[in-house]
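# Chain and residue survey
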Amino acid sequence: MNTLSVSLNKFRRTPAFTGFVLFVIALLMNILMQGINSGKPLAFFNPNSYSSLLMTNAPFILTAMAQSLLLIVGLLDISIGIQLALVNVVCIMVPQELGVPIWVGWLCAMGASLLISAMVGACSAVLRLPAMLVGYAFIFIVKGINVAIMSKPQGKVPREIYLPYQNPVAGVLPIALLVLLAVFGLWLLIKRRPLGKHLYAVGGNPRNAYAAGISPVKVQMQANLLKGFIVGIGGICLTLMNASGNPLQAEDYGLRSLIACILGGLGFGGWGSMACGVFGASFFVLIQNTVYHFFSYLTKVISGFAASTYWQNLVSDIILLLGLLVTIITAKEQRKTLKEGLLKQFKGGAARDKQ
Amino acid sequence: MTSSKNVRTTPGVHLGKVMAALRRSPPLVAFLLSALLFLITILINPRGFNNRFIGSLILLTTLLAISSAGQTLVLIGGGMDFSVGAVMSAAAIITTYTMDKQDSLMIYLQVLALSLVMGAAVGLLNGFFVIRIGLPAMIVTMAVSNIITRLQYVFTSGSPAGWAGQKFVDSVIYRFFDLIPAIVLYAAVFMPIVFWLLNRSKFGKQVYMVGNNRQAALLTGVRVNWVIIATYVISGMMSAFAGILGAGYKATARVDIFGEYAFTSLVAVIVGGTTFSGGVGTYGGTIAGALLMTVLSNLLTTLRLPQTSRDILNGLIIILLLMTYNRSKAVRQ
C-alpha cells in the first residue's frame, strides 16, 4: 500500500500528470455518453467502435507525438499538419505515376518527410530563425509542393493493403494501436540512450548543454529528423485511413497538435515527455467524440432538436478552453518553466541578451 | 598604387556605414525593400502601373496597417494576439448583417457600438486568461480565437451574411482624383490616435515598461496586470474596427473571411521592427511592414505564377525576410 501511494505521489509530480487527468476525465465522459446514446452501457468497448476511433485519429496523435519531440528540444513546427498531407500525396502519386510497387512509394514519402523536416530544422536550428514564423512560411512552401505533385484530390490504395489497417487484428486489436505503441516504444528506447539526455539538456538550456560538450544544433537537427520519421508514419496511417490522396488536408493539425501538447503538460524546452503529447491529443479526440454522442443523444430525446456540426465544434472548442483552465490547478509548478521556455522560443537572442 | 587602394576602400567604408544605419532601423529596411519590390513589380509589368494599381496598394496597406495596430501594442507589451483575424471576421459579419444594404447614421452607430463591444469583450477574455491561466499568450489567444470562429459558423450557418450599405462601401473604396481611396480618411483619424497612445500617453510608456521588464515595472508602481489586460482589450477593439472597414472593402462577409490576418499582421509587425521579446517597436515600423507585405503580395500576383509556385515563393521570401532581421545569436557567443 505504501509503495503504491509513493509511486502515485511520484506520478503526480511528473509532467504527464496534467494530461493524464484530463485524458481520464475525457475517457470516462466518452464511455458514459456513448453508453447513454447507444442504450448499451459498454458500447465504447465494442472493438469496432474503439478501433475506428483509434484508426481515424492515429495520424493526429502521431502528429502530437512528433510535435512533443520538438517541444522537448525547445523548438516547434506548425507546418507539421501540411507535412502529413505531403507524405499522403507522395504515397499515392509515386506508385500511380511511376508504376512502382506501393512500398517504394512509402519509402519515397518517408524520404520526403525527412527532407522537409531537415529543411525546417535547418531554418530554426542552424539559421536560428523564430520557429513559429518558420513554420508559417513552410505551410506555404509545403502546400505549394503538395499541389504541384497532386493538383486535386485523387488516387486510391489497393483494398488488400488498407483493409488490414482498417480492421482490428483478431477482431480486438487495432493496427493503429500497435503503430502508436511502436512509436512510443521507440521514444522510450531513445529516452534511455544518450540522445534522450541530450534532447532534454539542449531543450533546458542550450548554453549549458554546449558548455557540457553537446552540440545544440546537431541535437536539434536530430530531433527534427526523428519528428520527420514520426510524421512519415503518421502520413502513411492517414493514407491507409482515407485510401486516397488530398494535397490540402490536415493543415489544422499543426496548430491543434501544439495546443494538444500544451494541454498535455508539455513545456517549451527540457520539460515534459511524449506521453504528454499522447494524453493531450487523446483528450482532444475523446472530447470531440463525447460531444458528438451528446448531441446525437439530444437529437434522439428531444423531438425537433437539430444541432449542426457547427454547434458540436463550438462546444468542443469551449471544453478545450476549459481544459486549459483546469491545468491551472493541476500544473502550477510547471507554469514557470513553460513560460520561460516559450519566451526563449520567440525572443531568441534578444531574450538571452537581456539576461 | 595608394590611390587605387583608396578608390577600392572608400565605397566599402560607405557601405559599412549604410549597413550599420540599416541595421539600426528595421522600418527603414522594410521601406527600402518595399520600394525595391515595387520597382520590380513595375518593371515586370509596366502596363499594370496605373491609378487603379496604386489605389488598391494604398487601400490594402491601410487596411493591414490598421489591423496590425492592436498586434503591435500587444507585442510591445510582451504578449501576442492570435485572435486578430477571428475578431476582424466577426466584426465584418456583424457589420454586413446589421447593415443589410441600408445606410443611416443610426445603423452606423449601431455597427460601431456592437463591433467595438464584441472586440473589447474578446480582448478582455484574452487578457483575463493570459493573466489567470498563466499559459503562453499564443496558446490562450489561439484557443479563444478558435471559439470566435466557431461562433461565426453557428451564427451564419456557414453562408455569407448580408451586405454592407452602398454609401458605407463607397466611404471605404471611393477614389479621390481617381487615385486615393477614401479609407485614408479613416486612417487619418485612426493612426494619430495609435501614435498618440504609443508615444505620448502615460499608458503607452507603461506598455513599453511592462514589455521591457515586467518586474521593474511592477516595482515602479505600474499595475502590470491591468496594463496587460488593457493592451488585449484595445487590440480587440482595433481589430474590430479593422473588421468594419474590411466589410466595407469586401461589401459582404463570410466566416473567417479575414482569418489570414492573424499571421499577416504578425509578420507585418515583426518585419516592421517590433520584437517578440516586448518593449521594442513602433507603429511607424508596422506601417512600413504592412506596406512591404502588400507590395510583396502584389508582386507575386503580377508574376502571374501558378498558385503552387506562388505559395512556394511566398514561403521562401518570408524566410529571407526573417533572415535579414530575426536571427538570434549563436549559443557560442
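Residues numbered from 1 in each chain as written. Chains lettered and ligands numbered in written order. Predicted model: local features only at pLDDT ≥ 70, side-chain atom pairs only at ≥ 80, totals over all residues.

Within chain A one finds 16 helices and zero strands. Radius of gyration (C-alpha) of chain A: 21 Å, near the 20 Å computed for a compact globule of 355 residues. Seen along its three principal axes, the alpha-carbon backbone of chain A occupies a region of about 65 × 60 × 40 Å. Considering chain A as a whole, with its 355 residues, one finds that 54% of them fall into the buried category. Restricting the contact set of chain A to residue pairs at least 6 apart, pairs at least 24 apart contribute 80%. (Helix = DSSP H or I, 4+ residues; strand = E, 2+ residues; numbered from the N terminus. Rg over C-alpha atoms; globule rule 2.2 N^0.38 Å. Buried ≥ 20, exposed ≤ 12 C-beta atoms within 10 Å, placed from the backbone. Contact = placed C-beta atoms within 7 Å.)

As a further point, take the overall build of chain B. Counting its regular elements, chain B contains 15 helices and two strands. Since a compact globule built from 333 residues should have a radius of gyration of about 20 Å, the 21 Å found for chain B is in line with a globular shape. If you line up chain B on its principal axes, its C-alpha atoms span 80 × 60 × 35 Å. Residue burial in chain B is summarised as follows: out of 333 residues, 49% are buried. Restricting to contacts in chain B with at least 6 residues of sequence separation, those with at least 24 account for 79%.

Another point: the packing of helix α3 (residues 51-67) of chain B against helix α12 (residues 224-250) of chain B. Residue and element names in this part refer to chain B. Running from N to C, α3 and α12 cross one another at 155°; their axes reach a closest spacing of 8 Å. In terms of orientation, α3 and α12 fall into the roughly antiparallel class. Residues Leu59, Leu63, Ile66 and Ser67 of α3 pack against Ser239, Phe241, Ala242, Leu245, Gly246 and Tyr249 of α12. Class assignment of the residues belonging to the contact of α3 with α12 gives a composition of seven nonpolar, three polar and no charged. (Axes fitted to C-alpha atoms, helices over the stretch in contact; angles between N-to-C directions. Parallel < 35°, antiparallel > 145°, perpendicular 65-115°, else oblique. Nonpolar A, V, L, I, M, F, W, Y, C, P; charged D, E, K, R; others polar.)

This next bit is on the nonpolar core. Note that soluble globular proteins tend to have their nonpolar side chains buried in a common cluster. Counting 208 residues, the largest nonpolar core has Leu86, Leu133 and Cys237 of chain A together with Leu245 of chain B as its most contacted members. By residue number, the principal contributor to this core is α12 of chain B, which donates 15 residues. Beyond its immediate stretch of four places on either side in the chain, Leu245 of chain B contacts Leu63, Ile66, Val172, Ile183 and Tyr186 of chain B. (Core = buried A, V, L, I, M, F, W, Y, C linked by C-beta atoms within 7 Å.)

On average, chain A scores 86 in pLDDT, and the residues at 70 or more come to 92%. Confidence over residues 349-355 of chain A falls short of pLDDT 50; this stretch has nine contacts with residues more than four positions distant or in other chains. (pLDDT = per-residue confidence, 0-100.)

Among the residues making up helix α9 (residues 194-204) of chain A, those that are buried are His198, Leu199, Ala201, Val202 and Gly203 of chain A. Buried positions along α9 of chain A lie against α3 (47-72), α10 (206-211) and α11 (216-242) of chain A.

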